[in-house]
Amino acid sequence: QVQLVESGGGLVQPGGSLRLSCAASGSIFRINAMGWYRQAPGKQRELVTTITYGGTTNYADSMKGRFTISRDNAKNTAYLQMNSLKPEDTAVYYCNAQGITYFSGSWDENDYWGQGTQVTVSS
């Protein structure tokens, strides 16, 4: 099993910045792609950004130029740097990871999710 724990959320004023972290732990052989998603009140969950093991990134159009994803493979950790935050960025942010694990002589690949961290942008 792989566990993901998000941290770094909180209350910030419009125009401010936050840095989210996603730490993976457990019986991990390798974490492949990782990503961030968010869900605002009354809305569906949407893609924010993804990053491959090699560092190739993709962003939703509304996030380009303001949000940046990065990762440290040695620490099994991904980050989301959020700048120029707007009230409409208020949401619960979720971390996602595709992990390869080893259990009782077998290899397995699964999709894992964190429990989310609240980001509130308000004056």
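This text follows the structure it describes.
This section reports on the structure supplied with the text.

## Notes on the pattern of salt bridges
This model, assessed by the stated rule, comprises 4 salt bridges. With its nearest N and O atoms 3.0 Å apart, the salt bridge here joins Arg38 to Asp89. Of this pair, Arg38 sits in strand S4 (residues 28–39) while Asp89 is found in the loop between strand S8 (77–82) and strand S9 (91–103), placing the two residues 51 residues apart along the sequence. A single burial state applies to Arg38 and to Asp89, both of which are buried. Two residues, Arg66 and Asp89, come together in a salt bridge whose shortest N-O distance is 2.8 Å.

## Notes on the side chain of Arg38
Since its relative accessible area comes to 8%, Arg38 is described here as buried. Only 2.7 Å separates the side chain of Arg38 from the side chain of Glu46, close enough to count as a polar contact. A polar contact of 2.9 Å, which involves the side chain of Arg38, links it to the side chain of Tyr93.

## Concerning the packing of aromatic side chains
Within a pair of aromatic rings, the relevant descriptors are the distance that separates the centres and the angle that separates the planes. A complete count under the given rule lists 3 aromatic pairs for this structure. Three or more aromatic residues joined by ring pairs make a cluster, and in this case those are Phe29, Tyr102 and Trp107. Seen from the ring of Tyr53, Arg30 lies directly overhead, with NZ or CZ sitting 3.9 Å from the centre. Taking the ring centre of Tyr94 as reference, the NZ or CZ of Arg45 above it sits at 3.9 Å.

Analysis parameters
Residues numbered from 1 in each chain as written. Predicted model: local features only at pLDDT ≥ 70, side-chain atom pairs only at ≥ 80, totals over all residues. Heavy atoms only, no water. Salt bridge = Lys/Arg side-chain N within 4 Å of Asp/Glu carboxyl O. Helix = DSSP H or I, 4+ residues; strand = E, 2+ residues; numbered from the N terminus. Buried < 20%, exposed > 50% of the residue type's maximum accessible area, 1.4 Å probe, protein only. Polar contact = N/O pair within 3.5 Å; in protein donor to acceptor, adjacent residues only side chain to side chain. Phe/Tyr/Trp six-rings, centres within 6.5 Å; stacked < 30°, edge-to-face > 60°. Lys NZ or Arg CZ within 6 Å of the ring centre and 35° of its normal.

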